[in-house]
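# Examination of the molecular architecture
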Amino acid sequence: MPLLTIHNRQISWTPLLVLGYLFYLLLGAMVFQLLEKQAETHFRDQFQLEKLKFLQNYTCLDRQALEQFVQVLMEAWEKGVNPEGNSTNPSNWDFSNSFFFAGTVVTTIGYGNLSPSTVAGQIFCVFYALFGVPLNLAFLNQLGKGLNAHLITLERWVQKPGRTQVVQTLAVAIFLTTGTLLFLVFPPLVFSYVEGWSYGEGFYFTFITLSTIGFGDYVVGTNPNKHYIPVYRSLTAIWIVFGLAWLALVFNVGADLMEKFLQLKWHKPDLSLAEGAAAKLEDEPEQPRIHIPS
């Protein structure tokens, strides 16, 4: 285990890692609160103002009736029914959407905008995830091994004699750039065109999805005013699977680099102690070695 040497005393860096992790969470909490709380207050006040305007324009309604209607809208949204449009909206449970939902279950993305509403569907979802999540992990593991094999082949190629540091860096940069273009740069362009999002919103959806965070604030194929091709969400699900494997590999490489950095930075032996031990060994006569047969 990497150790931190302070005043000739070796201390495990695990507590420092725990403190750094907690500090990172606290830092994120403070920044998100600073950025989002005021906007939330503004939207809440704006919503209350719109309800008051609605009651003023439609005097036949009282506040209680309006609150009941809002509750109906909220329940419909929680059941995956978009309040916009009418009853001719495409079903959330056609084969393409069901295939997409199955992918979000086994990959543990879980957007939260759609979930089974029947008891039978909920029970099946539990057992489907029970076997599907390990199957997905095994599949991603094999897919990651394939990507890692290509990475190892690339590493062996760039480490051959005669390869300069510039060539090595360029080869790794090409590998990372190719994956970045395929999974993080080009897909937002497609989503921006199909969904009507900005590029920033498309990139946000892409990363939040492939990292399995899956907030559910942006989900493809849910706009009732859009006409999607039947296989749109199915193709998106396939892209998600391969993107998960690539981003997991990138995260693993980043974690390995961070761990090596910590080992290089903190696992430094005390030179004075090492020199003293070496001198002591030189002064002491060599002890006979006893061989014990196995």
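Right above here is the structure, for reference.
If you're wondering where the values come from, they're calculated on a predicted model, not measured in any experiment.

Analysis parameters
Residues numbered from 1 in each chain as written. Predicted model: local features only at pLDDT ≥ 70, side-chain atom pairs only at ≥ 80, totals over all residues. Heavy atoms only, no water. 1 Å grid on protein atoms, 1.4 Å probe; cavity = no way out; pocket = protein on both sides within 12 Å on 5 of 7 lines; lining within 4 Å. Points joined across faces, edges and corners; volume = space filled by probe spheres on them. Helix = DSSP H or I, 4+ residues; strand = E, 2+ residues; numbered from the N terminus. Nonpolar A, V, L, I, M, F, W, Y, C, P; charged D, E, K, R; others polar. Patch = residues over 30% accessible without salt bridge, like charges linked within 9 Å, V, L, I, M, F, W, Y side chains within 5 Å. Areas by Shrake-Rupley, 256 points an atom, 1.4 Å probe, with all protein chains shown as cover. Salt bridge = Lys/Arg side-chain N within 4 Å of Asp/Glu carboxyl O. Axes fitted to C-alpha atoms, helices over the stretch in contact; angles between N-to-C directions. Parallel < 35°, antiparallel > 145°, perpendicular 65-115°, else oblique. Left-handed = near helix turned anticlockwise from the far one by under 90°. Contact = heavy atoms within 4.5 Å. Expected span 1.5 Å × (residues − 1). Bend = angle between axes of the 7 residues up to and from the residue.

Quick look at empty space enclosed by the protein now. In this structure the tally under the stated criterion is 1 cavity of 30 Å³ or more. The space that makes up the largest cavity amounts to roughly 30 Å³. Lining the largest cavity, in full, are Phe100, Gly103, Thr104, Thr107, Ala237, Ile240 and Val241. Those elements that place two or more of their residues in the lining of the largest cavity are helix 3 (95-106) and helix 7 (232-266). Among the residues forming the lining of the largest cavity, the class breakdown is 4 nonpolar, 3 polar and no charged.

Taken together, Leu181, Leu182, Phe186, Leu189, Tyr199, Phe203, Tyr204, Phe207, Ile213, Phe215 and Phe251 make up a surface patch of nonpolar side chains, about 1000 Å² in accessible area. With respect to the helices, strands and loops of the structure, Phe251 is situated in helix 7.

Interaxial distance between helix 1 (residues 14-57) and helix 2 (residues 63-78) falls to 11 Å at its minimum, and their mutual angle equals 125°. Taken together, the axes of helix 1 and helix 2 lie oblique to each other. Classified by chirality, the crossing of helix 2 by helix 1 is right-handed. Along its contact with helix 1, which presents Phe47, Lys51, Leu52, Phe54 and Leu55, the element helix 2 presents Arg63, Leu66, Glu67 and Val70. Here the contact of helix 1 with helix 2 is built from residues that sort into 6 nonpolar, no polar and 3 charged.

On to the layout of surface pockets. Left-over empty space is what a probe sized like a water molecule reveals as it rolls over the atoms. The volume enclosed by the largest pocket comes to roughly 760 Å³. In this structure, the largest pocket is lined by 33 residues; those nearest its centre are Asn82, Asn92, Gly221, Thr222 and Asn223. At the level of elements, helix 3 and helix 7 are the ones that each hand at least two residues to the lining of the largest pocket. Each residue belonging to the lining of the largest pocket can be placed in one class, and the counts come to 12 nonpolar, 15 polar and 6 charged.

Another aspect to go through is helix 1. Residues spaced three or four apart along an α-helix point in a common direction, a consequence of the helix completing one turn every 3.6 residues. The first and last C-alpha atoms of helix 1 sit 63 Å apart over 44 residues, in line with the 64 Å expected at 1.5 Å per residue. Residue Glu36 marks the point of greatest curvature in helix 1, where the axis turns by about 35°.

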